[in-house]
Amino acid sequence: MRGNAAIHDLVAPGTLGAVLDLLAAEPGAWTPIAGGTEVMVAFAAGRLTAPKLVSLWGIPDLRAIEVAPQSVVIGAATTFLDLRRHALIAADLPLLAKAAGWIGSIANQGRATLGGNLVNGSPAADSSPALLAYDAEIEFISVRGRRRVPYSEFHTAYKRNCLAPDELLYAIHLPRRFARHNQYLRKVGTRRAMAIAKVALGAIALLENGRIREIRLGAASLAPYPMRLMQTEAALLGRSLTDDTIQSARRALLAEVKPIDDIRSTADYRRRVAANLLDEFLLQLRRVEAVP
Ligand SMILES: Cc1cc2nc3c(=O)[nH]c(=O)nc-3n(C[C@H](O)[C@H](O)[C@H](O)COP(=O)(O)OP(=O)(O)OC[C@H]3O[C@@H](n4cnc5c(N)ncnc54)[C@H](O)[C@@H]3O)c2cc1C
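Given the structure is predicted, the values throughout are model-derived calculations rather than measurements.

1. Observations concerning the domain arrangement of the chain
- Assigned domains of the chain: these are domain 1 (5-55), domain 2 (60-175) and domain 3 (182-290).
- One C-alpha centre belongs to domain 2, the other to domain 3, and the line joining them spans 21 Å.
- Taken residue by residue, the interface counts 27 residues in domain 2 and 25 residues in domain 3.
- Taking both partners together, domain 2 and domain 3 bury about 1,900 Å²; carbon and sulfur atoms supply 66% of that area.
- Counting every contact that joins domain 2 to domain 3 gives two salt bridges.
- Salt-bridge contacts for Asp135 lead to Arg228; the nearest nitrogen and oxygen are separated by 3.9 Å.
- Linking domain 2 with domain 3 are five residue pairs in polar contact (both at pLDDT 80 or more), by the criterion used here.
- The dominant element in the side of domain 2 that touches domain 3, judged by the number of residues it contributes, is helix 8 (residues 128-133), at five residues.

Below, the structure is given as structure tokens:
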């Protein structure tokens, strides 16, 4: 059943300060709406319960991409089309540029925001594996000030996160230090476009003297929320890429992931594909190492 517009109040104060004042005056009463590609789907399906909506669209502070020598800071209301069009993101953070191209259609990408993707908290969110692999940090803002947390600690349960009721997601911070790292991102879905991930894996690693000096693995659709595979990472860190190492990493991943059966796939299929994606990444890494 379609939602009833008469029971929702939508305001667009137009400045960040005015939005934060609203949230501070009635914590938890106002639901932010950025691109609206999740909120309006809920409205159309009659599932939108939030009576008060506050628009973040058109607030410049939230839609800026700032490049510094060591980092890139992406405003939470930056759209996926903004990300795809940004030359430095394509050059320095190619996994994020690739993920941006996966979101729905071009029309979606012109509205859908990075912050909305994260706060919505789908286990299958396309931007999450890349952000986990890049060790992103999330910045929150409220009238009380700003704070930052590692993105790997942002999701706390299915569709839950550590935002306080008076806070907005303000920006996503990404380091610019991955030129020498081996990078990998693959999504397995029903089709190549307009498909929700059955499984996705983002990965980044740095080899030194034949051993893995740094590695991060970010997964989608393998747990109630996007997660870093830290136990699998631990099975690889400091090791050389022998067949035994690859096998024990595979076992660690199979023990760590907690996928479910749903309309898109089965838990068993997701486990097997996730282990195969890990193999694919590690074999790619080994080939790179073999090149003199
Ligand atoms: C046809 C279609 C196809 C899609 N395909 C994909 C896909 O392939 N991959 C994928 O990952 N997603 C997909 N989506 C989902 C959606 O487009 C994304 O999750 C998008 O990034 C959401 O961003 P938004 O700005 O539209 O969020 P909104 O709908 O505006 O908000 C989503 C949630 O985030 C909250 N929120 C938004 N911004 C902030 C903020 N700055 N601070 C605090 N809370 C905030 C809102 O309150 C709401 O709870 C699709 C959606 C549609 C309709």
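The discussion continues.
2. Here's the deal with the pattern of salt bridges
- Inspection of the entire model under this criterion finds 19 salt bridges.
- The salt bridge involving Glu214 is made with Arg177; its shortest N-O contact spans 3.0 Å. With Glu214 in strand 13 (residues 211-220) and Arg177 in the loop between strand 10 (168-175) and strand 11 (182-188), this residue pair connects regions lying 37 residues apart in the sequence.
- For Glu214, a relative accessible area of 13% translates into the label buried.
- Its salt-bridge partner being Glu233, residue Arg228 comes within 2.6 Å of it at the nearest N-O pair.
- By relative accessible area, Arg228 is classed as buried at 18%.
- Members of the salt-bridge network, linked through shared partners, are Arg144, Arg147, Asp166 and Glu167.

3. Details of the sheet that holds strand 4 (residues 65-67)
- Taken in spatial order, the five strands make up an open sheet running 4-5-10-6-7, and their pairing is antiparallel. Of all the strands in the sheet, the pair left with one neighbour each is strand 4 and strand 7 (145-150). Between one strand and the next, the sheet's axes are offset by a mean angle of 20°, whatever the strand orientation.
- Both strand 6 (residues 137-142) and strand 7 contribute to a ladder of six bridges, which runs antiparallel. Following the sheet pairing, Glu139 is matched in strand 7 by Arg148.
- Set on the sheet, helix 1 (residues 16-25) makes contact with strand 6 and strand 10; between it and strand 10 the angle comes to about 125°.

The rules behind each value
- Residues numbered from 1 in each chain as written.
- Predicted model: local features only at pLDDT ≥ 70, side-chain atom pairs only at ≥ 80, totals over all residues.
- Heavy atoms only, no water.
- Domains from an automatic or database assignment.
- Contact = heavy atoms within 4.5 Å.
- Buried area = accessible area lost by both parts, 1.4 Å probe.
- Salt bridge = Lys/Arg side-chain N within 4 Å of Asp/Glu carboxyl O.
- Polar contact = N/O pair within 3.5 Å; in protein donor to acceptor, adjacent residues only side chain to side chain.
- Helix = DSSP H or I, 4+ residues; strand = E, 2+ residues; numbered from the N terminus.
- Buried < 20%, exposed > 50% of the residue type's maximum accessible area, 1.4 Å probe, protein only.
- Pairing = 2+ DSSP bridges.
- Axes fitted to C-alpha atoms, helices over the stretch in contact; angles between N-to-C directions.

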